[in-house]
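Coordinate analysis (summary)
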Amino acid sequence: MSSQSIHYDAALGGPIKLPDEIDSIHFNEDRVTELKCFLRAITNTENQTKLVHQSLPLHMRRRAMSYNPKRLPRKFRSAHVAQYSKSGLPEKKKRPSRKYRRKARNLLQEYNRRKRTYMWMETHIWHAKRFHMIPKWGYKIPYTPTNKGHRACYRATAKHCLIQDISYYGCIEIQGPEDVMKNHLRRICSEKIGLTIAAKAFLNGQRSGNVFVYKKDQYPNQCLGEIKFVWKSESSKNEKRILWMFVHPAFYKELMEELVVLFELRNAYRDDYLNSDEPLNVSKIIKNVGTVRIPKYENPLLSIEIKALKDTLNYFRLTGPLSHAVLTKSLKPYQQDISKNVDHWFSDWIQTTGSEKSHIQQFAFWEQSKNLTTPAVLSPGLVVSSVIEDPRLNRKKKRTKALPDAIITNRDLPETGLQLSCSPIWNESIRDIITTKMLSTHQLNVLRGKQSLVPGEPCAFENDIQPVPILLIQNPGSQDADYKQLGYGAGWDLIAPSGYGLPIWQTLIMWGAKPAGLKETDMQALESGIDTHRVPDTVLGRAESDVEYEEKWYKYYARPNNRRINYKKLAIASPFRCPWLQLVSEWTGKKETDFYVLRDQESLSKAHHALNRKFNLKSALLPPSSLIPLYLTMKTRGNPGDNALICLPLRSDFRQNKQNRLGSDLRPVYTEPLRKDPQQKERLLLRSQHLRLLKRLRNRRIRQKKALQLKNPGTLIRIAKPQNDKLIKEHLTKVRELWLPANPESIRNQCSRECFGYVTQCNFGLSEAKVTALGYVTAKGLEKLYKTCTKGTFKVLVRGTKSRCYRFATIKIRTD
């Protein structure tokens with residue numbers, strides 16, 4: 001069968017007919033013979049001037065083939081090695097692996113050198129391989145996992161277990177008479193906020209609490225931040241009481257200085273500052289030598305002693321309903337064999353303190369509660385201590401999801417009592433013994449290799465390994481069903497002695513806990529509706545605001561002029577931070593020197609009822625210089641982002657919103673008209689003048705160099721570099737002030753709608769399936785909103801800093 005079309009073949013000199021089909025068998029046979037001839041020509045070394053790797057086709061050649069045979073095809077490697085060996089050069093040995101080349105000669109010294117700038121937590125090496133690490137608050141902190149897992153982390157908090165290493169929280173131990181401690185600690189907190197450190201509910205040591213602390217007698221101003229505290233259970237009436245406070249590192253030093261002033265303490269290791277003629281300085285008192293591991297401050301007259309236990313305890317936070325199952329499966333309570341005489345700290349502690357009864361009760365509690373489906377069913381803030389076996393003895397080889405074996409009803413809940421919080425972890429000498437006598441993982445594996453007859457079976461020496469005391473603090477999660485789902489955010493805080501951080505962490509991971517970092521902490525705060533890092537009147541909130549402002553400010557001015565957002569045209573006065581003080585001053589009509597977040601439970605409760613139409617907001621008498629915390633939920637599409645404006649709506653906005661809802665229209669309620677930039681011409685003029693000045697100075701230098709060259713022919717003339725740094729800095733300061741003034745004229749009336757608050761954190765809320773936000777508004781602005789919204793739910797207008805669109809959002813009062 002041949003084609004009907006006629007083709008011309010130049011080689012034959014005339015038209016031919018080509019076949020439509022080809023016989024594959026004959027075609028392959030012809031190609032095989034050609035390939036054999038090709039290979040024979042390559043492998044033939046007689047009368048060959050090229051090497052094997054030079055004989056390959058161009059597309060197969062590589063530069064590294066001359067010294068690396070692995071770059072060649074496998075069948076040509078032997079011939080290449082034979083040719084290479086004939087040259088007389090020794091064959092290159094294999095380079096050491098990358099892991100070997102990167103490893104320092106003394107790895108411990110290398111780690112200690114890298115720890116000088118930022119403190120490492122015990123799980124740092126584990127996190128550094130799997131997380132993005134960032135420097136924060138003097139530590140290297142895991143920020144977020146390298147694998148994308150934002151939704152997975154939320155599912156862990158809602159249905160499974162999320163674990164975070166927050167060992168950067170520092171512990172402060174206060175020891176002394178109970179009455180003295182209560183009377184003094186009342187001065188740094190207030191009963192108007194809620195239960196204080198001296199509340200009767202916490203004194204027996206059964207429960208822990210959270211409280212905002214202030215400078216001495218400065219409530220409601222000068223807030224330092226929120227702390228978690230727990231009292232040691234009282235074993236005898238004459239014994240001094242011990243209180244632990246877990247403090248964020250952002251204000252750890254400030255709180256320590258405040259306690260030194262509050263109790264009139266002095267440094268137990270230094271007396272040189274007492275003999276100096278200079279006035280007493282608190283910063284000098286808390287200054288210690290680097291060799292002091294645990295600084296101590298005391299007041300012999302009051303019998304008060306304070307120790308800074310920073311970086312001496314491991315602090316893990318487990319969140320989610322399965323956090324209890326993870327703990328009960330991974331941490332096995334220790335049972336001492338009475339028939340054997342085991343020589344470690346546990347036997348001495350039982351004999352000297354007589355705590356055998358408490359140990360039995362703690363063991364019974366874990367046996368009764370091992371099938372709890374969520375820790376939210378327990379008493380809020382419950383403190384439970386336990387002595388567990390070495391966690392490396394109960395670690396799974398393969399990662400397993402811990403689940404309760406059965407379902408416990410409310411009738412079968414375990415009993416709680418005073419003996420549950422009794423723990424040897426409070427004793428400093430026991431903690432030091434545990435850390436020094438801990439078997440390393442290498443030593444444990446060596447012993448297993450010598451004594452293990454069957455791989456995986458327990459060895460005899462494992463019964464002699466010292467146990468580990470831990471302290472567990474329950475987090476109740478959400479307690480208001482109208483605000484958030486009941487129990488969301490519930491979990492446990494685990495406190496362990498130094499040295500056992502990584503073994504406990506790895507065991508919890510292998511039993512199904514999902515690790516998370518600092519970014520997931522912000523996500524969890526938004527999902528719970530509780531602001532943690534961005535409270536405006538705290539030390540942490542102000543520091544975070546300043547850091548974020550500097551980062552965004554430098555990033556903004558790093559862009560060229562035609563790529564910058566012109567915020568003056570968008571009518572945005574402060575796009576990178578929330579100017580709270582100026583906003584409060586404009587709403588009060590007075591020049592305020594300070595502001596504060598309203599935490600008075602009575603006032604917040606009245607404001608909450610007022611937004612539910614059950615109370616008159618004017619009768620609540622909200623302080624004018626206060627900020628009201630809000631939880632916002634966007635009604636339509638759009639994510640305004642952080643630092644978004646919270647504005648007061650007009651009557652026309654409500655009418656437009658009603659029309660949009662009837663027509664299923666998702667457009668914004670109102671769009672800010674684009675404004676003119678009055679400083680644009682001035683900036684262009686200033687820039688052109690600056691460039692002309694620089695050019696004139698450059699030409700002057702060139703003329704000066706040419707004149708010197710004419711006077712001194714034949715010599716190389718060098719002149720000094722231009723000293724224009726001061727000139728350039730002044731120009732940049734003027735231009736940046738024209739782009740974004742440091743002190744805006746007005747914050748309240750910066751746009752068409754009155755601004756009375758800002759959003760501190762905003763993102764898509766997976767629990768609500770809507771964009772949610774945390775923000776603060778002024779008290780006067782909230783009263784004006786109460787007058788404007790006469791019916792229906794209270795709504796505000798929210799506008800992002802990069803948009804001109806206003807959209808409605810519903811609000812709730814946060815009483816956290």
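Structure's up top.
Residues numbered from 1 in each chain as written. Predicted model: local features only at pLDDT ≥ 70, side-chain atom pairs only at ≥ 80, totals over all residues. Heavy atoms only, no water.

1. A word on the overall build of the chain
Quick reminder of the rule: Comment: elements are numbered from the N terminus, with helices defined as DSSP H or I runs of at least four residues and strands as E runs of at least two. The quantity called the radius of gyration is restricted to C-alpha atoms. Its globule counterpart is 2.2 Å times the number of residues to the power 0.38. Think of it in three bands: with a 1.4 Å probe and only protein chains considered, a residue is buried below 20% of the maximum accessible area for its type, exposed above 50%, and partly exposed in between. Two residues form a contact once any of their heavy atoms are found within 4.5 Å. Shrake-Rupley sampling with a 1.4 Å probe provides the accessible areas, and residues are treated as covered by the protein chains on show and by no other component. The charge count treats Lys and Arg as positive and Asp and Glu as negative. His and the chain ends do not count. One atom stands in for each charge, and that atom is NZ of Lys, CZ of Arg, CG of Asp or CD of Glu.
Assigned secondary structure in the chain consists of 25 helices and 25 strands. For a compact globule of 816 residues, the expected C-alpha radius of gyration is about 28 Å, and the chain comes in at 36 Å, more than 25% above that figure. Considering the chain as a whole, with its 816 residues, one finds that 44% of them fall into the buried category. Excluding contacts between residues fewer than 6 apart, the proportion of contacts in the chain whose partners are at least 24 apart in sequence is 74%. Accessible surface for the chain amounts to roughly 46,000 Å². Of this, 51% is attributable to carbon and sulfur atoms. Within the chain, the 78 negative side-chain charges are centred at a point lying 10 Å from the centre of the 138 positive side-chain charges.

2. Digging into the packing of aromatic side chains
For the record, the criterion: Two aromatic rings, drawn from Phe, Tyr or Trp (for Trp, its six-membered ring), form a pair once their centres lie within 6.5 Å of each other, and the interplanar angle then sorts them: stacked below 30 degrees, edge-to-face above 60, tilted otherwise. Sitting over a ring, as applied to charges here, requires NZ of Lys or CZ of Arg to be within 6 Å of the ring centre and within 35 degrees of the ring normal.
A full pass over the atoms with the stated rule returns 32 aromatic pairs. Both rings, one in Trp-580 and one in Tyr-758, keep their centres 5.9 Å apart while their planes meet at 85°; by these two values the pair is edge-to-face. Of this pair, Trp-580 sits in helix α20 (residues 580-588) while Tyr-758 is found in strand β22 (residues 755-765), placing the two residues 178 residues apart along the sequence. What links up through ring pairs into an aromatic cluster is the set Trp-137, Tyr-139, Tyr-168, Tyr-169, Trp-244, Phe-246, Tyr-315 and Trp-426. Here the basic side chain of Arg-564 rests over the ring of Trp-739, its NZ or CZ set 5.2 Å away from the ring centre. A cation sits over an aromatic face here: Arg-814 above Tyr-776, 5.0 Å from the ring centre.

3. What about the sheet that holds strand β10 (residues 266-267)?
The condition is simple: For two strands to count as paired, DSSP must find a minimum of two bridges between them. To get an axis, a line is fitted to the C-alpha atoms, and for a helix only the part in contact is used. The angle between two axes follows their N-to-C directions and goes from 0 to 180 degrees.
Ordered in space as β7-β8-β9-β6-β12-β11-β10, the 7 strands form an open sheet in which the pairing is antiparallel. Each of the sheet's edge strands pairs with one partner strand only, and the pair in question is β7 (209-214) and β10. Across the sheet, helix α9 (residues 252-263) touches β6 (170-176), β7, β8 (223-231), β9 (241-247), β11 (296-299) and β12 (304-308), and the angle it forms with β6 is around 10°.

4. Some words on the sheet that holds strand β15 (residues 468-475)
Strand order in this open sheet of 6 strands is β14-β15-β16-β13-β5-β17, and the pairing throughout is mixed. Unpaired on one side and paired on the other, β14 (383-388) and β17 (514-515) mark the two borders of the sheet. Its contacts with the sheet place helix α13 (residues 356-369) against β14 and β15, and it is angled at close to 100° to β14.

5. Brief notes about the side chain of Ser-358
Relative to the elements of secondary structure, Ser-358 occurs in helix α13. Setting aside residues up to four positions removed in sequence, Ser-358 forms contacts with Gln-419 and Cys-422.

6. Examining the nonpolar core
To keep it simple, the criterion reads: Residues belong to one nonpolar core when they are buried, are Ala, Val, Leu, Ile, Met, Phe, Trp, Tyr or Cys, and are joined through side-chain atoms within 4.5 Å.
Counting residues in hydrophobic clusters, the biggest one holds 66 residues, and the most contacted among them are Leu-632, Leu-782, Leu-785, Val-796 and Ile-811. Not counting residues within four places of it along the chain, the set of residues in contact with Leu-785 comprises Leu-648, Pro-649, Phe-756, Phe-794, Lys-795, Val-796 and Ile-811.

7. As for the pattern of salt bridges
Opposite charge on two side chains permits them to pair, given that their charged atoms come into close proximity. Note the threshold: Each salt bridge in this description consists of a side-chain nitrogen of Lys or Arg and a carboxyl oxygen of Asp or Glu lying within 4 Å of one another.
According to the stated counting rule, one finds 29 salt bridges in the structure shown. A salt bridge links Asp-642 to Arg-534; its shortest N-O distance comes to 3.0 Å. Note that Asp-642 is positioned in the loop between β19 (626-634) and β20 (645-647) and Arg-534 in the loop between α17 (518-528) and α18 (539-558), a separation of 108 residues in sequence. The partly exposed category is assigned to Asp-642, whose relative accessible area is 22%. In this structure Arg-534 comes out as partly exposed when scored by relative accessible area, which is 22%.

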